[in-house]
Amino acid sequence: MSDVQFVPTSAPWHRYVALGDSFTEGLNDADPARPDEFRGWADRLAGHLAAATDDDVEYANLAIRGRLLRQVVEEQVPVALEARPDLVSLVAGGNDLMRPGADPDALAATLEAAVVRFREAGADVLLATGVDPRATPLLRRARARIAVFNAGIWAVAARTGAAVLDQWSAGWLQDARLWDTDRIHLTPEGHRRIALAAASALGVPAGDDEWRIPLPPQPARAFRVAVAEEAAWVRGHVGPWIGRRLRGTSSGDGRAPKRPVPLALPRA
């Protein structure tokens, strides 16, 4: 699907708005400048956009952890349209796909309707495929649904002229060292690499392609260590996630966007 070519209509961009869930909010990339807040790939991408132009770049991040695609469309898309961005990243649907009975075709149709609204308003759009979960127990049960949704994302991009950050085929993302202990959110190094991959998808110069290079090999885990780590993951992350589903709650309940309005980024 990578033969879909992105041709920007508004570059260089001066107002970037990021929409989505915890991935775009930036979990778990701690921000050293803001205690108890996260930075993440979208914040880092905004920095690359600013570094690529001599003009001011304004940036807003409306993403909230736990949001379903429908919630992103209903809550975040209207706010983003009011901000009149010339670039939008819209990455959502992962939380939906983890739920039994999720319909990836319906999700793709919902996504496309939102992309069309932004394109009609004159904004370029960055989408992202889901990561291949083949190496993660439990999560890989949703692999087929994710693959179908990814195919839908590429089709949406072809029809609307959106750019695509291709995470599915990024073999370097299969390295566990790029993922936090919950195996769902990236480490700071993972976010750094994704920001560079996103810049590349948009055609923004941000250095060489070192982000594509896999980390050096590491020794295999001893069997006892592997069993202990799997048990800890289930207790610490899978169990609480199931509990929230049963209670009908979300990790993002009561949270507000971390950067709700476009603000100019400081110049380097």
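**Q** I tried to follow the overall build of the protein chain on my own but got confused; where do I start?
**A** Across its full length, the protein chain holds 8 helices and 6 strands. Traced from its N-terminal end to its C-terminal end, the protein chain shows the element sequence β-α-α-β-α-β-α-α-β-α-β-α-α-β. Split into buried and exposed, the 268 residues of the protein chain put 47% on the buried side. Look at the contacts in the protein chain between residues 6 or more apart in sequence, and 76% of them connect residues 24 or more apart. Put simply, the protein chain shows about 13100 Å² of open surface, and 56% of that area lies on carbon and sulfur atoms.

**Q** Whenever I open this one, the packing of aromatic side chains confuses me. Can you help?
**A** Any pair of aromatic rings gets described here by the distance separating the centres and the angle formed by the planes. The tally for this structure, following the rule as stated, stands at 4 aromatic pairs. Look at W172 and W211: their rings are 5.9 Å apart centre to centre, the planes differ by 80°, and that puts the pair in the edge-to-face class. Residue W172 is located in the loop between β5 (163-165) and α7 (188-202), and its partner W211 is located in the loop between α7 and α8 (223-247); the two are separated by 39 residues in the primary sequence. Overall, the relative accessible area of 6% leaves W211 in the buried class.

**Q** Would you mind showing me how to read the pattern of salt bridges here?
**A** Two side chains bearing opposite charge may form a pair once their charged atoms approach each other closely. Here the structure, examined in full by the defined rule, presents 19 salt bridges. For R177, the salt bridge goes to D175, with nearest N and O atoms at 2.8 Å. Overall, D175 belongs to the buried group, its relative accessible area being 14%. For the salt bridge of R192 with E189, the shortest nitrogen-to-oxygen distance reads 2.9 Å. Placement of the pair is R192 and E189 together in helix α7, with a separation of 3 residues, close to one helical turn.

**Q** What should I look at first to understand the nonpolar core in this one?
**A** A general feature of soluble globular proteins is that nonpolar side chains tend to end up buried together. By size, the foremost hydrophobic cluster in this structure holds 35 residues, and its most contacted members are Y16, W41, L45 and L202. The set of elements that each furnish at least two residues to this core consists of β1 (15-20), α2 (41-51), β3 (87-91), β4 (124-128), β5 and α7. The element that contributes the greatest number of residues to this core is α7, accounting for 7 residues. Among the nonpolar cores identified, the runner-up in size contains 33 residues, and A80, A108, L111 and W154 belong to it.

**Q** Just to check I follow, could you spell out the packing of helix α5 (residues 104-120) against helix α6 (residues 143-160) for this structure?
**A** Where α5 contacts α6, the axes come no closer than 9 Å and their chain directions differ by 25°. Classified by the angle between their axes, α5 and α6 sit roughly parallel to one another. Both α5 and α6 take part in a crossing whose hand is right-handed. Contacts from P104, D105, L107, A108, L111, E112, V115, V116 and R119 in α5 reach R145, V148, F149, G152, I153, V156, R159 and T160 in α6.

About the thresholds
- Going along each chain's sequence as written, the residues are numbered from 1 onward.
- Local features in a predicted model are, by the rule used here, given only for residues with pLDDT of at least 70; side-chain atom pairs are given and counted only at 80 or more, and totals for whole chains, interfaces and linings are based on all residues.
- Note that water and hydrogens are dropped before the side-chain values are worked out from all heavy atoms of the structure.
- Counting from the N terminus, the helices are DSSP H or I runs at least four residues long and the strands are E runs at least two residues long.
- Throughout, exposure labels follow a simple rule: accessible area from a 1.4 Å probe, protein chains only, divided by the maximum for the residue type, with under 20% read as buried, over 50% as exposed, and the rest as partly exposed.
- Whether two residues are in contact is decided by their heavy atoms, any of which lying within 4.5 Å being enough.
- Using the Shrake-Rupley algorithm and a 1.4 Å probe, accessible areas are obtained, with residue cover drawn only from the displayed protein chains.
- To pair, rings of Phe, Tyr and Trp, with the six-membered ring standing in for Trp, must have centres within 6.5 Å; the planes then decide the type, stacked if under 30 degrees apart, edge-to-face if over 60, and tilted in the middle.
- Every case where a carboxyl oxygen of Asp or Glu lies within 4 Å of a side-chain nitrogen of Lys or Arg is listed as a salt bridge.
- In plain words, nonpolar cores are sets of buried Ala, Val, Leu, Ile, Met, Phe, Trp, Tyr and Cys residues tied together by side-chain atoms within 4.5 Å.
- Note on geometry: axes are lines fitted to C-alpha atoms, helical ones only across the stretch in contact, with angles between N-to-C directions running from 0 to 180 degrees.
- Throughout this description, any angle smaller than 35 degrees is read as roughly parallel, any larger than 145 degrees as roughly antiparallel, any in the 65 to 115 degree range as roughly perpendicular, and the remainder as oblique.
- Working rule for handedness: look at the near helix, and if it is turned counterclockwise from the far one by less than a right angle, call the crossing left-handed; if clockwise, right-handed.

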